[in-house]
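# Structural overview for review
Spelled out from the first residue to the last, the chains are:
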Amino acid sequence: MIAEIYFADGANCDICGGKARGLSRLKHISGSAGARFQVPPFFVIAAGEVAVAKLQGALTTIKAESGCRSFAVRSSCIEEDGPTNSFAGQFTSYLFVEESQVGLHVEKVRHSVKSKSIETYRKLKGLDGSGPVAVLVQAMVDASVSGVMFSLDPVTQKACPVISMVEGAGDKLMAGTVSGETLYIAGSTPAPGSARPSYLTEAMLAQLLRALGAIEKHFGRPMDVEWCFDREGRLFILQARPITTVDPQSTVFDASNIQESYPGK
């Protein structure tokens, strides 16, 4: 079976998986007055054999739209980025992938779903892993600042937005190998004892908080948001998922959000 390829407008469906659904919804609200962010152009490869010609055509479309020189290749399974199961940090992602290597890395991402750690995660969550495995291919942004932000503190569950960031690309921050800078917010400014790093301007901070508020309002629950600014100062939202430590009825302690997106706590 030849794999279907879906672009942003058609990715809000189960077959494209949780990460792609989230990005499709972000794309929908990105131009609203309260949001003011962009979503890197992307497409999703559904389960099945990847046709070289179709893949090349999709890559050409993304390059023409974004001007990117490389790509991010990431998983987008049905089980991912849901209200109780994030799978954050479980599947392998590849950044700065050259165009000629995208097909190879699509297969690497698919193979990563068979790892022992993911099998263990599924057993703990009572999941059978029967859903299809889609792969997301995103235009790679040349980032000046990258990070993650939470609409509430995922550790204390206090209504205090938290932003963790690093200069440049955020892959080491997301992997938890560096802690970066962490900023706690009170209202719309840094909380007492929390200092804004010099590489994040006041205007950038204001833009992040506007975007975070718009995303939380759209999804209707506390959110974990991956973001970056490019070299021209444009804000890109790379991913958004519910904070799985918070549930209106009960608390599900899923440390994967924190391990991937909140290092140093």
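For the structure, see preceding data.
The shown structure was predicted, so the numbers you read here are calculated from the model rather than taken from an experiment.

The sheet built from 6 strands is open, its strands ordered β9-β8-β7-β6-β10-β11 with antiparallel pairing. Strand pairing shows two members of the sheet lacking a second neighbour, β9 (189–190) and β11 (235–242), which therefore form its edges. Note: strand β6 (residues 143–150) against strand β7 (residues 162–167), 6 bridges, orientation antiparallel. Note on β7: the bridge partner recorded for Gly147 is Met165. Against the sheet, helix α6 (residues 202–219) contacts β6, β7, β8 (181–186), β9, β10 (223–230) and β11, and its axis sits at roughly 145° relative to β10.

Turning our attention to the nonpolar core. A general trend in soluble globular proteins is that nonpolar side chains are found buried together. In this structure, Leu26, Phe37, Ile163, Leu200, Ile215, Trp227 and Ile237 are the most contacted members of the largest nonpolar core, which totals 38 residues. Here the element with the most residues in this core is α6; it accounts for 9 residues. Once residues lying within four places of it in the same chain are set aside, the contact partners of Leu26 are Phe37, Val39, Ile215, Phe219, Ile237, Gln239 and Ala240. Residues Ala3, Phe43, Ala58 and Val97 belong to the second largest nonpolar core, which totals 19 residues.

As a further point, take helix α1 (residues 17–29). With 13 residues, α1 extends 19 Å from end C-alpha to end C-alpha; this agrees with the ideal 18 Å at 1.5 Å per step. Within α1, the full set of buried residues consists of Gly17, Gly18, Lys19, Ala20, Gly22, Leu23, Ser24, Leu26 and Ile29.

Under the definition given, this model contains 2 aromatic pairs. Residues Phe7 and Phe43 carry aromatic rings whose centres are separated by 5.9 Å and whose planes lie at 55° to one another, so their mutual orientation is tilted. Here Phe7 is found in strand β1 (residues 5–7), whereas its partner Phe43 is found in strand β2 (residues 42–45), with 36 residues between them in sequence. With a relative accessible area of 0%, Phe43 lands in the buried category. Between Trp227 and Phe229, the aromatic rings sit 5.8 Å apart at their centres with planes inclined by 75°, giving edge-to-face as the arrangement. In this pair, the class of Trp227 matches that of Phe229, namely buried.

This part is about the pairing of β11. With 8 of 8 residues buried, β11 lies mostly within the body of the structure. When β10 meets β11, the two strands line up antiparallel, connected through 7 bridges. By the bridge assignment for β11, Glu226 is matched with Gln239. Hairpin remark: β10 followed by β11, antiparallel, with 4 residues in the connecting loop; positive phi at Gly233, about 85°.

Looking now at the pattern of salt bridges. Going through the model one piece at a time under the given rule, you end up with 11 salt bridges. Taking the shortest distance from any N to any O, the salt bridge between Glu4 and Lys54 comes out at 3.9 Å. On the criterion of sequence distance, the pair formed by Glu4 in the segment before β1 and Lys54 in helix α2 (residues 52–66) is long-range, its members being 50 residues apart. According to the relative accessible area criterion, Glu4 is partly exposed, its value standing at 43%. With its nearest N and O atoms 4.0 Å apart, the salt bridge here joins Glu65 to Lys27.

This part covers unusual backbone geometry. A positive phi angle is found at Phe96, which is not glycine, with a value near 55°. Its location among the elements puts Phe96 in strand β4 (residues 94–97). For Gln157, which is not glycine, the phi torsion reads 65° and is therefore positive. Following the sequence through the fold, Gln157 ends up in the loop between β6 and β7. Residue classification places Gln157 among the partly exposed positions, given a relative accessible area of 32%.

Basis of the calculations
Residues numbered from 1 in each chain as written. Predicted model: local features only at pLDDT ≥ 70, side-chain atom pairs only at ≥ 80, totals over all residues. Heavy atoms only, no water. Pairing = 2+ DSSP bridges. Helix = DSSP H or I, 4+ residues; strand = E, 2+ residues; numbered from the N terminus. Contact = heavy atoms within 4.5 Å. Axes fitted to C-alpha atoms, helices over the stretch in contact; angles between N-to-C directions. Core = buried A, V, L, I, M, F, W, Y, C linked by side-chain atoms within 4.5 Å. Buried < 20%, exposed > 50% of the residue type's maximum accessible area, 1.4 Å probe, protein only. Expected span 1.5 Å × (residues − 1). Phe/Tyr/Trp six-rings, centres within 6.5 Å; stacked < 30°, edge-to-face > 60°. Salt bridge = Lys/Arg side-chain N within 4 Å of Asp/Glu carboxyl O.

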